[in-house]
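# Commentary on secondary and tertiary structure
Here is how the chains run, residue by residue.
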Amino acid sequence: KAGVTQTPRYLIKTRGQQVTLSCSPISGHRSVSWYQQTPGQGLQFLFEYFSETQRNKGNFPGRFSGRQFSNSRSEMNVSTLELGDSALYLCASSSGTGVTGELFFGEGSRLTVL
Amino acid sequence: AQSVTQPDIHITVSEGASLELRCNYSYGATPYLFWYVQSPGQGLQLLLKYFSGDTLVQGIKGFEAEFKRSQSSFNLRKPSVHWSDAAEYFCAVGAGTGGFKTIFGAGTRLFVKA
């Protein structure tokens, strides 16, 4: 079974630009969560989607948005990039139901904002 | 609101020595608790999880963790550390079913010296 795939793996943007990151979950998984990882901050929860609906959202400004498609693939978008948005963005998938709760992570998209 | 505290930012142990990584959580209901490991340049991998039942849980790679409700703790242990265990370890608490909001601690980086 293929794992979680995130694209692109690395990207460099300049302040003010916008970026879109993509995540393909494990086949059969309907939940996709997004996290921002920075040194010293650990993993900060961005949002979680299940069957195309956002079920939960973290404390990030409205510049951070996401969506999920009918095939469970998800994208997140960051508009008007700031230097502080430089981070590793991790996507995780899970079945989204039941109580197992295990998250399966991709290798992340490393965003550098200059 | 749920939260996770990992008091040690980094720990250094000698190869072959025992290891204990500390984790304290805050959550109003019965928590779903997890330990994940992140090797350099990789996503996170689940080591073990606790939902209910036996408070001592076994995981992969020889790790175990003990849930202590009275202390709100879920410490990770390994009797003999190998050089390949050098990585960053994250404790997490899951809220709701399906893990739709999993909150992570800031992580503890483990260094292993020969």
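In case you missed it, the structure is sitting above this.
Residues numbered from 1 in each chain as written. Chains lettered and ligands numbered in written order. Predicted model: local features only at pLDDT ≥ 70, side-chain atom pairs only at ≥ 80, totals over all residues. Heavy atoms only, no water.

Residues and elements named next belong to chain B. Counting buried residues in strand S10 (residues 87-95) gives 9 out of 9 residues, a clear majority hidden from the surface. Judged by which residues are buried, S10 turns out to be covered on both faces: Ala87, Tyr89, Cys91, Val93 and Ala95 on one side and Glu88, Phe90, Ala92 and Gly94 on the other are all buried. Bridging between strand S5 (residues 32-38) and S10 involves 7 bridges; their strand directions are antiparallel. Across the sheet, residue Tyr36 finds its bridge partner in S10, namely Phe90. (Buried < 20%, exposed > 50% of the residue type's maximum accessible area, 1.4 Å probe, protein only. Helix = DSSP H or I, 4+ residues; strand = E, 2+ residues; numbered from the N terminus. Pairing = 2+ DSSP bridges.)

What follows is about the sheet that holds strand S3 (residues 19-24) of chain A. Residues and elements named next belong to chain A. The strand order S1-S3-S8-S7 describes an open sheet built from 4 strands, whose pairing is antiparallel. The two strands at the open ends of the sheet, each matched to only one other strand, are strand S1 (5-7) and strand S7 (64-68). The sheet shows a mean angle of 15 degrees between the axes of neighbouring strands, direction not considered. (Axes fitted to C-alpha atoms, helices over the stretch in contact; angles between N-to-C directions.)

So, about the interface of chain A and chain B. By convention, interface size is frequently given as the accessible area that disappears when the constituent parts associate. Residue-level contacts link 25 residues of chain A with 22 residues of chain B. Summed over both partners, the interface of chain A with chain B comes to about 1,800 Å²; 54% of that surface belongs to carbon and sulfur atoms. Where chain A meets chain B, there are 1 salt bridge. Between A:Glu102 and B:Lys49 there is a salt bridge, with its nearest N and O atoms 4.0 Å apart. Counting every contact that joins chain A to chain B gives 3 residue pairs in polar contact (both at pLDDT 80 or more). Secondary-structure elements contributing two or more residues to the side of chain A that touches chain B are strand S4 (31-38), strand S5 (42-50), strand S6 (53-57) and strand S9 (87-94) of chain A. Ranked by the residues each element gives to the side of chain A that touches chain B, the list is headed by S5(A), at 4 residues. Taken together, the residues of the side of chain A that touches chain B break down into 8 nonpolar, 12 polar and 5 charged. (Contact = heavy atoms within 4.5 Å. Buried area = accessible area lost by both parts, 1.4 Å probe. Salt bridge = Lys/Arg side-chain N within 4 Å of Asp/Glu carboxyl O. Polar contact = N/O pair within 3.5 Å; in protein donor to acceptor, adjacent residues only side chain to side chain. Nonpolar A, V, L, I, M, F, W, Y, C, P; charged D, E, K, R; others polar.)

Any covalent bond linking the sulfur atoms of two cysteines counts as a disulfide. All names here are of chain A. For the coordinates displayed, the defined rule picks out 2 disulfides over all chains. Residue pairing for Cys23: its cysteine sulfur links by disulfide to Cys91, the two sulfurs lying 1.7 Å apart. Torsion about the S-S bond of the Cys23 and Cys91 cystine: about -55 degrees, corresponding to left-handed handedness. With Cys23 in strand S3 and Cys91 in strand S9, this pair connects stretches of sequence that are 68 residues apart. The class for Cys91 is buried, based on a relative accessible area of 0%. (Disulfide = S-S within 2.5 Å.)

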